[in-house]
Amino acid sequence: MYTTTNEDGILNNYAAEPKMYYAEYPAIWEQRKYVLQGLFATLIVTALVLVGFSVS
């Protein structure tokens with residue numbers, strides 16, 4: 001852990017920084033999965049909004 005001390009003797013602790021890495025572009029099957037998840041989520045939200053309007 002990295003620690004510094006100011007002129008009043010107060011400690012200031014810094015967290016260890018994690019190692020950086022770059023994300024990889026999703027494969028075509030992952031992209032299709034994300035599209036299906038998005039469509040499913042849109043369907044659920046639309047159904048909830050329609051039910052909310054019909055109840056009120």
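Everything numeric here is computed off the predicted structure, so don't read it as measured data. (Residues numbered from 1 in each chain as written. Predicted model: local features only at pLDDT ≥ 70, side-chain atom pairs only at ≥ 80, totals over all residues. Heavy atoms only, no water.)

## A few points about the UniProt feature "transmembrane region" (unreviewed entry) in the chain
To keep it simple, the criterion reads: UniProt positions are given in the numbering used here, feature names are shortened, and annotations may be inferred rather than shown by experiment. The way it works is that DSSP assigns letters per residue, a run of H or I at least four long becomes a helix, a run of E at least two long becomes a strand, and they are numbered from the N terminus.
UniProt's feature table lists "transmembrane region" (unreviewed entry) at residues 34-55, given in the numbering used throughout. As annotated, residues 34-55 comprises 100% helix and 0% strand, and the C-alpha atoms at either end are separated by 31 Å.

## What about a nonpolar patch on the surface?
This is how it is decided: Here a patch means residues that are over 30% exposed by relative accessible area and free of salt bridges, tied together within 9 Å if like-charged and within 5 Å if nonpolar (Val, Leu, Ile, Met, Phe, Trp, Tyr). For the accessible areas, the method is Shrake-Rupley and the probe is 1.4 Å, while residue cover comes only from the protein chains on display. Note on definitions: salt bridges are taken to be side-chain nitrogens of Lys or Arg within 4 Å of carboxyl oxygens of Asp or Glu. Any residue under 20% of the maximum accessible area for its type is buried, any over 50% is exposed, and the rest in between are partly exposed; the area is computed with a 1.4 Å probe on protein chains only.
A grouping of F40, L43, I44 and L48 is seen on the molecular surface, where their side chains present a nonpolar patch of about 440 Å² in accessible area. For L48, a relative accessible area of 58% gives the class exposed.

## Points about the confidence of the model for the chain
Under the convention used in this document: Scored from 0 to 100, pLDDT records how confident the predictor is in each individual residue.
Of the residues in the chain, 98% have a pLDDT of 70 or more, and the chain-wide mean is 91. Looking over the chain, one finds the lowest element-wise mean pLDDT in strand β1 (residues 2-5), namely 78, and the highest in helix α1 (residues 28-55), namely 97.

## Some thoughts on α1
Formally: A helix is expected to span 1.5 Å multiplied by its residue count minus one.
Between its first and last C-alpha atoms α1 spans 41 Å; for 28 residues at 1.5 Å apiece the expected length is 40 Å, and the two agree. Burial of α1 is sparse: only zero of the 28 residues sit out of reach of the surface.

## Quick word on the pairing of β1
Going by this rule: In this analysis, strands are considered paired if DSSP registers two or more bridges between them.
Examined bridge by bridge, β1 and strand β2 (residues 11-14) share four bridges and lie antiparallel to one another. Directly across from T3, in β2, lies its bridge partner N13. In sequence, β1 turns back onto β2 through a hairpin of five residues, with G9 there showing a positive phi of about 85°.

## So, the environment of E24
Assignment of secondary structure puts E24 in the loop between β2 and α1. Distance in space between the C-alpha atoms of E24 and L43 is 29 Å, their sequence separation being 19 residues.

## A few points about the environment of L11
The condition is simple: The criterion used for residue contact is that any of the two residues' heavy atoms lie within 4.5 Å.
Within the fold, L11 resides in strand β2. What makes L11 exposed here is its relative accessible area of 56%. Here the alpha-carbon distance between L11 and F53, two residues 42 residues apart in the chain, equals 57 Å. For L11, the residues in contact, after removing those within four places along its chain, are T3, T4 and T5.

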